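Breakdown of the fold
Each chain is listed here by its residues.
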Amino acid sequence: MNNPVLANEEAEIEVSMSPSVLGVPELTDGADEGDLEVDLENQTLSPDKNDRSLAELHRWKKTGRLIVDPEWQREYVWDTRRASRLIESILIDLPVPVVYLAANKESKYEVIDGLQRLTSVFRFFDGEYDLKGLEIRREFNGRYFHQIPEIWQRKLEDATLRTFELPARTPKDVMFLIFERLNTGGLALNDMEIRNCLFRGRLNALIKDLARRPDFVKTVSQKNIDRRMTDRALVLRFLAFYQMTHKKARRGLKKFLNEFFETYRNAPDDKLKEFEEMFMKASKAALTIFGDKAFRLRKFSKDEGSKSGEWQPRINAAVFQTIAVSFTEYNLGQLTRASDVIFEEYLDLISTDQYWVDCVSKTTGDYPRIEYAFEGWNLRLREIMSCVPANDRVRVFSRQLKQELYDQDNSCGICGQAIRVLNDAALDHDLHYWRGGKTVPDNARLVHRQCNLQRQR
């Protein structure tokens, strides 16, 4: 099937099943949602085509009928010179690109494409800037709207823009695809910014609130994570995988997240309260267990002999959704008691299972990779939690003891070389536990994690 074509003003919008992927920069790793499959093969959408005067559109904006929301379209980015050139183009009857609007169920219109152009016109009408850099109507340079001759004011107000208006019945997946394809004002919208527009409601308000909760912010521990709604995208992933489980993501992550958002868009109070409680519990558990190292991978040196690994500065969205959701299945007290073991298990996972690391790093929207990430981690966590009292009380050395021994002497008890960072260290029973060795400081030795893994059992 051909890609969507917007050949001329009378063209219909063809919907392809495999949309192109826009190059929108992400603030997190492992955030690739993959493509969106739209089940509308051989069907087309015919938007209404109208010529709206600038005065009419301005009035719509003033009365709230036209929604120009900087929260999802980001801030206005055109400078005064560029906005002035648009005004001049209209004054001298040069063609201006069409504007795309989407009707909603409240009979209001949301701007899909044309935010910068419309805002430039509205700001000029409202006296927010004077004209600069005009080349044809130079006599208007330095003048505000009310200062240009009345005949030219009327010309601007009566000038029309061709608008393509999508009906409210347009399926949300199709609307999502069209937002991706058509938005050209500055930097293209990312997936969460599009959803924030399409799925306004109680759930969206909750996501915005949860993204500001202190435990979540501390756990994520990343500057500017709120820029371009990256933090909200993480909250959405958590709620969707908590409610629907990863097994419902077989048709792709993008569709999975859209379906969750549409289904629970205006969820009842009890469901929203459940979402809040589960998110807060998971955030608290992650903060207790991982501190500021939560939901990150490590980058190891290319030096073959190196056993050190730096934590990645950016949070990994695929790791976040996998581990955070796993905590909802257990009691917070149990998770707290097992915190040292869980941390060590995660370090072991990313050190020994390269395929798991690949699954949360590349093409993370593919279901087989989502499944492997969830199943691999959940299996390890279940094994830990099935014997928390025994492991917590009897067999596993405390992290505090590891820190104390590291501070005393950071030499590996097996290879003798220095252990560069604490997270590369493990506490091993000098006399194996299964041979009767006790979990007491006198039977503990500090070793490289890799040396411990290679120790003969």
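Before any of the text, the structure's been laid out above.
Rules and cut-offs
- Residues numbered from 1 in each chain as written.
- Predicted model: local features only at pLDDT ≥ 70, side-chain atom pairs only at ≥ 80, totals over all residues.
- Heavy atoms only, no water.
- Helix = DSSP H or I, 4+ residues; strand = E, 2+ residues; numbered from the N terminus.
- Buried < 20%, exposed > 50% of the residue type's maximum accessible area, 1.4 Å probe, protein only.
- Areas by Shrake-Rupley, 256 points an atom, 1.4 Å probe, with all protein chains shown as cover.
- Pairing = 2+ DSSP bridges.
- Axes fitted to C-alpha atoms, helices over the stretch in contact; angles between N-to-C directions.
- Left-handed = near helix turned anticlockwise from the far one by under 90°.
- Contact = heavy atoms within 4.5 Å.
- Nonpolar A, V, L, I, M, F, W, Y, C, P; charged D, E, K, R; others polar.
- Phe/Tyr/Trp six-rings, centres within 6.5 Å; stacked < 30°, edge-to-face > 60°.
- Salt bridge = Lys/Arg side-chain N within 4 Å of Asp/Glu carboxyl O.
- Core = buried A, V, L, I, M, F, W, Y, C linked by side-chain atoms within 4.5 Å.
- Expected span 1.5 Å × (residues − 1).

Re the overall build of the protein
In terms of helices and strands, the protein carries 20 helices and eleven strands. Among the 457 residues that make up the protein, the fraction classed as buried is 53%. Carbon and sulfur atoms provide 46% of the accessible area of the protein, an area that totals close to 21,800 Å².

Concerning the pairing of strand β10 (residues 425-429)
β10 sits mainly inside the fold: five of its five residues count as buried. The alternating pattern of β10 places A425, L427 and H429 on one face and A426 and D428 on the opposite face, and all of these are buried. Pairing geometry for β10 and strand β11 (residues 444-448), over five bridges, is antiparallel. For L427, the partnering residue across the bridge sits in β11 and is L446.

What to know about the packing of helix α13 (residues 317-326) against helix α17 (residues 367-385)
Between α13 and α17, whose axes approach to 10 Å, the crossing angle comes to 35°. Once α13 is placed against α17, the crossing between them reads as right-handed. Here Q321, T322, I323, V325 and S326 of α13 lie close against α17, whose contacting residues are A373, F374, W377, N378 and L381. Residues belonging to the contact of α13 with α17 are distributed by class as follows: six nonpolar, four polar and no charged.

Focus: the packing of aromatic side chains
We describe a pair of aromatic rings using the distance from one ring centre to the other and the angle between the two ring planes. Applying the stated criterion across every chain, the model contains 23 aromatic pairs. Geometrically, the ring pair formed by F238 and F279 is edge-to-face, given 5.4 Å between the ring centres and 75° between the ring planes. Of this pair, F238 sits in helix α10 (residues 230-244) while F279 sits in helix α12 (residues 269-290), and the two are 41 residues apart along the sequence. One exposure class covers both F238 and F279, and it is buried. On the numbers, 4.9 Å between centres and 80° between planes, the contact of F295 with F320 is edge-to-face. Within this pair, whereas F295 is found in the loop between α12 and β8 (298-300), its partner F320 is found in helix α13, the two being separated by 25 residues in sequence. Using a relative accessible area of 2% as the deciding quantity, one classes F295 as buried.

A look at the pattern of salt bridges
By the definition in use, this model includes 26 salt bridges. For E344, the salt bridge goes to R449, with nearest N and O atoms at 2.9 Å. Pair noted here: E344 is in helix α15 (residues 339-352) and R449 is in helix α20 (residues 449-454), with a separation of 105 residues, a long-range link. Assessed through its relative accessible area of 8%, R449 is described here as buried. Put simply, D209, R213, K273 and E276 are held in one network by salt bridges that share partners.

A closer look at the nonpolar core
Ranked by internal contacts, the top residues of the largest apolar core, which has 84 residues, are F238, F327, I342, Y346 and W356. Every residue in contact with W356, bar those within four places of it in the chain, is listed here: L297, V319, T322, Y346, L349, I350, Y372, A373, G376 and W377. With 31 residues, the next largest nonpolar core counts L91, F124, L134 and A159 among its residues.

Regarding the environment of I419
Mapped onto the elements of the fold, I419 is located in the loop between α19 (399-408) and β10. A relative accessible area of 0% means that I419 is categorised as buried. Between the alpha carbons of I419 and R449 there is a distance of 9.4 Å; along the sequence they are 30 residues apart. Residues within four places of I419 in sequence aside, it is in contact with Y406, N410, S411, C412, D424, A425, L446, V447 and H448.

Notes on α12
Helical periodicity: at 3.6 residues per turn, an α-helix aligns residues three or four positions apart in one direction. Here α12 contains 22 residues, and its C-alpha end-to-end distance of 31 Å stays within 8% of the 32 Å for a straight helix at 1.5 Å per residue. G291 lies just past α12 and shows a positive phi near 60°.

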